[in-house]
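# Observations on the three-dimensional arrangement
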Amino acid sequence: MSLKNKYTIFNVPLYWKPVYWVYGYSLGFLMYLLVVLQHTTCKIRIHGEENLLPGQNYIFCFWHQDLTGFFASMFDFSNYRILNHPVWYMKPVHVCLRLMGIKKIYFGSSGHSGKAAAIELTKALKSGCDTFITPDGPSGPLNTFQKGTLHLSMNSTIPIVPVKFEYANARKLGGWDQKRFPRLFSKFDVYLGKPIIVNESNFQHVIAEIKLGMSK
């Protein structure tokens with residue numbers, strides 16, 4: 001097993017922890033600062049808010065490459081509960097998420113108690129919390145829709161809202177997800193699709209509808 005996947009946030013060796021905490025909190029704060037700057041300096045236009053009913057919670061669904069755009073545009077995450085990858089190098093992301101207001105992170109993914117974490121998130125959704133899902137995460141392939149999102153919606157009876165992003169000026173990074181970072185003082189548009197409820201009757205063909213709402 002590679003060092004990248006050998007440890008999780010729960011079993012980092014004691015002798016590494018001082019450096020690990022500095023790495024996690026310093027980089028996490030810088031990530032949060034970037035989100036704040038993007039939120040405050042970019043002109044962000046959100047379309048489709050009329051599709052969302054007051055008092056209804058949702059599962060927002062978008063590709064992994066647009067995580068930064070979602071963070072910068074939505075910004076208030078006090079009602080969100082999420083799933084996240086528990087491997088050690090994700091610590092800065094977890095710190096950033098906490099700073100954005102997310103009160104509960106259920107740590108789980110394939111090979112890391114993913115089923116148990118999904119059950120806990122389902123309970124949170126039933127209680128009225130929101131969440132967001134990147135159906136090609138946490139490690140791709142890029143824009144490949146994994147069905148865990150559908151199971152989450154069907155088991156919780158909470159609708160999925162596909163989200164699309166269009167950037168006037170964004171920097172695209174390398175890596176499997178080709179993450180897109182809107183540049184400071186630029187413009188970008190966020191399109192919220194119509195909520196889609198997943199059930200047994202549409203489970204096999206609803207992916208195409210969701211992907212259409214997320215397409216560029």
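Here's what I pulled together on the structure shown here.

Rules used in this analysis
- Residues numbered from 1 in each chain as written.
- Predicted model: local features only at pLDDT ≥ 70, side-chain atom pairs only at ≥ 80, totals over all residues.
- Heavy atoms only, no water.
- Helix = DSSP H or I, 4+ residues; strand = E, 2+ residues; numbered from the N terminus.
- Expected span 1.5 Å × (residues − 1).
- Buried < 20%, exposed > 50% of the residue type's maximum accessible area, 1.4 Å probe, protein only.
- Contact = heavy atoms within 4.5 Å.
- Phe/Tyr/Trp six-rings, centres within 6.5 Å; stacked < 30°, edge-to-face > 60°.

Quick look at helix 2 (residues 17-41) now. Across its 25 residues, helix 2 extends 35 Å between first and last C-alpha, which sits within 8% of the 36 Å expected from 1.5 Å per residue. For helix 2, every residue scored as buried is listed here: Y20, G24, G28, V35, Q38 and T41. Considering only its buried residues, helix 2 is in contact with strand 1 (43-47), helix 3 (67-74), helix 4 (91-99) and strand 8 (180-182).

The full count for this structure, using the stated rule, is 25 aromatic pairs. Relative to F70, the ring of F62 lies with its centre 4.4 Å away and its plane at 25°, an arrangement referred to as stacked. An identical accessibility class is assigned to F62 and F70; each is buried. With a centroid separation of 6.0 Å and 75° between ring planes, the pair formed by F62 and F165 is classed as edge-to-face. On the criterion of sequence distance, the pair formed by F62 in the loop between strand 2 (59-61) and helix 3 and F165 in strand 6 (residues 160-167) is long-range, its members being 103 residues apart. This pair shows no difference in class: F62 is buried, exactly as F165 is. The structure contains a cluster of three or more aromatic residues connected by ring pairs, namely Y58, F60, F62, F70, F71, F77, Y80, F132, F165, Y167 and F188.

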